[in-house]
Structures are given as C-alpha cells and as structure tokens.
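Tertiary structure, described
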Amino acid sequence: MGQKQCDLCAGTEFEQIGTRDRHHQPLETVICKTCGLVAHGQIPSDEELARYYATEYRQSYHGEMTPSDRRVMRAWKNGERIFGQLQPHIEPDMEVFEGGAGIGCTVKVFELNGHASRGIEPGEGFQNYSQQQLLTNVVRGDLFEQPRDKSHELILLVHVIEHFNSPRKALEYIRGMLSDDGLFYVECPNIAAPFARRSKMFHYAHIHNFTPASLKMLAESCGFKLEVQFGSQEDPNLQMLFSCSDSTELTIDPDNYRETMQVINGATPLRYHLRPYYFSSRATKVASYLKEHLTAKQFVANAIQECQKFAAEQQDEAPESLRSAA
Ligand SMILES: [Zn+2]
C-alpha cells in the first residue's frame with residue numbers, strides 16, 4: 001500500500017476498500033484505520049496532479065472553452081442556495097473570497113447582494129467566462145499564491161477540498177489567510193450519504209473522500225470550529241460553516257472508521273436501485289433535464305443582463321474621478 005501517512009491523523013495503518021474508479025479504471029482506495037479518512041492508496045504528487053489536469057483539461061474542454069448554459073444555470077442556482085444559507089450567519093458587509101470559483105456564479109451572487117467579493121480559478125475557460133460574461137472579480141490563480149495576511153473575512157471552498165493532495169495543507173493555508181474572526185465555508189461530496197453506489201463512488205480527481213466526522217476532525221485540527229452544518233448527515237454534499245479557533249488539537253472521532261466502513265459496505269448496486277424514490281426520480285430527472293435545457297438559455301441571458309445592469313449602476317455611483325479614469 002502506497003500511502004505512508006494519513007493526511008488527517010498521520011496514521012499509518014490502512015485498509016483497502018476499492019480497486020476501481022467509477023469508470024472501471026484501476027484506482028486503489030483505502031481507509032485510515034485510525035480516523036476513518038478515505039483516500040487514494042497512492043496520493044498523487046503536485047507534478048502528477050498538474051499533468052493530470054493538463055490532460056483532463058484538454059479532453060473535457062476540447063472545443064468547449066465556455067461552459068454550457070445548463071452548467072451556468074446550475075452554478076448560478078447553487079450560488080443562490082449558498083448565499084441563502086449563509087446570509088443569516090454573516091455580516092452584511094463581509095468581504096468574500098472564493099478559492100476555485102469555477103464559473104464565478106457564487107462570487108457574483110454575493111456581489112449582487114452587497115458583498116465585496118472576488119475569487120480565483122485556475123481553469124482558463126471558466127475564468128474567462130466569469131470575468132467577461134458575468135463581469136466578476138475572478139482572476140486566474142492558485143490558492144497557495146495568495147498572501148497569508150489574515151485579511152480575509154469569509155472564504156468559500158466549494159467542491160475543491162476533495163481535489164487537494166493534502167487537504168490539511170490547504171486548510172492550514174486558508175486559516176492563515178483569514179482574520180481571527182473570519183469564517184470559512186466548505187462544501188464537498190459526502191461519502192456517508194446513503195445509496196451512494198460503491199462503483200460510482202471513487203474518482204481519480206477526488207483524492208480524499210469525507211464523511212461529516214472526518215471533515216469536522218480535519219478542520220478542527222487546522223484551527224477551525226464548526227458553527228453550522230447545513231443539510232442532514234445524509235445529504236449528498238457536506239456543507240459546513242466554520243469560525244476560527246486558537247486550537248489545532250486533533251480529536252479523533254473513535255466511531256468514524258467503523259461507521260464509514262458500514263456505509264461503504266452498505267453501498268451496493270442493489271441498495272442503490274431499491275431506494276424507494278429511484279423510479280420516480282429517474283422519470284422526474286428525464287423530464288427536468290428537458291425542461292432545464294429549454295429554460296437554461298433564457299435563464300443565463302437574464303443573469304448576464306442582471307450582471308451588466310449591476311455593473312452600470314456601480315459605474316454611475318462611482319465618483320467622477322474614478323469614472324473618467326476607467
Ligand atoms: Zn487517519
């Protein structure tokens with residue numbers, strides 16, 4: 001087994017729980033027997049990851065440098081959901097920074113709701129779209145190039161943490177970017193969600209797979225304190241809001257390994273197909289897919305219009321000296 005040390009607890013005993021990814025390609029997945037963190041057997045190096053994304057990028061975005069309307073609409077609605085659930089917990093003037101902002105919809109939704117907000121995105125196509133179409137303050141960039149000046153008030157990390165070869169390094173870095181009364185919101189797939197099909201579970205790009213307990217343990221040992229967990233323990237996505245804490249003590253949840261194994265062992269294809277809402281949800285999915293396709297174009301046109309109107313209003317409100325300089 002390749003992994004030497006668990007990124008969460010530095011444990012060295014692992015158990016193999018998977019040999020294939022969701023596309024049936026070889027991929028070893030292991031669980032740490034001490035804390036229950038699930039990860040690749042071989043953690044890719046920075047160089048291997050860079051190579052993977054360079055290739056993946058060419059394959060996935062060949063001929064499609066701009067995101068489809070459907071993708072933009074989903075991202076926008078997601079941004080609205082995230083804003084809606086965070087709003088009661090944040091100050092109305094808090095500045096927002098998103099690491100791995102993708103299309104930038106979440107950054108934009110916060111901006112339209114009065115927050116100074118910006119983000120970084122390494123992917124050229126999405127970052128260009130974000131800046132040019134949605135007029136966001138999303139620039140090309142890497143998290144580890146950001147200054148750790150304790151200046152940030154709210155940092156968002158949405159479907160990004162699972163891609164790091166060391167989520168600990170990323171969270172420790174983010175803690176250094178945040179002011180001591182700053183907040184950190186993280187969202188990622190929940191491997192403890194019921195009915196996740198085992199053969200669909202693992203993906204090369206998702207290097208670490210979290211349960212509610214393992215994400216909380218990791219964040220707490222990187223100087224965070226859980227404030228709110230949105231959704232239920234069984235939600236397909238973990239959604240957690242953390243405040244900053246002085247403690248970086250690691251407290252291992254003694255049940256996480258056993259409970260994660262139970263979820264993994266229960267995630268069989270049979271159980272997946274037998275979920276009570278499987279058939280109806282399939283039909284609903286097909287119907288909503290068609291509807292989505294038809295409405296996405298109009299939805300995105302409206303969103304872009306809103307972004308342009310907002311930018312024009314901002315311009316009008318700016319002092320004369322700034323306007324002539326722009
Ligand atoms: Zn561990």
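In what follows, the accompanying structure is described. It should be emphasised that the depicted structure is a prediction, and the values quoted were computed from it without experimental measurement.

A closer look at the coordination of the zinc ion
The coordination sphere of the zinc ion, as far as protein atoms go, consists of Cys6 (SG), Cys9 (SG), Cys32 (SG) and Cys35 (SG), spread over 2.2 to 2.3 Å. Relative to the metal, the four donor atoms surrounding the zinc ion lie at angles of 100 to 114°, and the coordination shape comes out tetrahedral. Expressed as a motif, the donor residue spacing for the zinc ion is C-x2-C-x22-C-x2-C. Separated by 26 residues along the polypeptide, Cys9 in the segment before β1 (14-20) and Cys35 in the loop between β2 (26-32) and β3 (38-40) bring together distant segments of the chain. Relative accessible area serves as the criterion here: at 14%, Cys9 is assigned to the buried category.

A short note on the pattern of salt bridges
Any two side chains of opposite charge can pair, on the condition that their charged atoms come close. Scanning all chains against the criterion turns up eight salt bridges. As a salt-bridge pair, Glu220 and Lys216 come within 3.3 Å of each other at their nearest N and O atoms. Note that Glu220 and Lys216 are positioned in helix α7 (residues 212-220) at a spacing of four residues, about one turn of the helix. The exposure class of Glu220 is partly exposed, given its relative accessible area of 22%. According to the relative accessible area criterion, Lys216 is partly exposed, its value standing at 33%. The partner of Lys225 in a salt bridge is Glu227, and the shortest N-O contact between them spans 3.4 Å. Judged by relative accessible area, Glu227 falls into the partly exposed class, the value being 42%. The network of salt bridges with common partners includes Lys150, Arg175 and Asp180.

Structural notes on the pairing of strand β10 (residues 224-230)
Note: β10 against strand β11 (residues 237-244), six bridges, orientation antiparallel. Across the sheet, Phe224 pairs through a bridge with Cys244, a residue of β11. Linking β10 back to β11 in an antiparallel pair, the connection comprises six residues, with Gly231 at a positive phi of about 70°.

Overview of the environment of Glu13
Among the structural elements, Glu13 can be located in the segment before β1. In this structure, the C-alpha to C-alpha distance between Glu13 and Thr34, residues 21 residues apart in sequence, is 7.1 Å. Ignoring anything within four residues of it in the chain, the contact list for Glu13 reads Ile31, Cys32 and Lys33.

Considering the sheet that holds β3
Sheet architecture is open: four strands sit in the order β1-β2-β3-β9, paired in antiparallel fashion. The outermost strands of the open sheet, each flanked by one partner alone, are β1 and β9 (208-209). The pairing of β1 with β2 spans five bridges and is antiparallel. Among the inter-strand pairings, Phe14 is bridged to a residue of β2, identified as Cys32.

Points about unusual backbone geometry
Its identity is not glycine, yet His24 carries a phi of approximately 65°, on the positive side. According to the relative accessible area criterion, His24 is exposed, its value standing at 54%. Here the phi dihedral of His159 falls at roughly 55°; this positive angle occurs in a residue that is not glycine. Looking at the element boundaries, His159 is found in the loop between β7 (152-158) and α5 (167-177).

Cut-offs and rules
- Residues numbered from 1 in each chain as written.
- Predicted model: local features only at pLDDT ≥ 70, side-chain atom pairs only at ≥ 80, totals over all residues.
- Heavy atoms only, no water.
- Donors = N, O, S within 2.8 Å, 3.2 Å for Na, K, Ca; no water.
- Tetrahedral: all angles 85-135°; square planar, octahedral: opposite > 155°, others 65-115°.
- Helix = DSSP H or I, 4+ residues; strand = E, 2+ residues; numbered from the N terminus.
- Buried < 20%, exposed > 50% of the residue type's maximum accessible area, 1.4 Å probe, protein only.
- Salt bridge = Lys/Arg side-chain N within 4 Å of Asp/Glu carboxyl O.
- Pairing = 2+ DSSP bridges.
- Contact = heavy atoms within 4.5 Å.

Nothing here speaks to function; it is all geometry.
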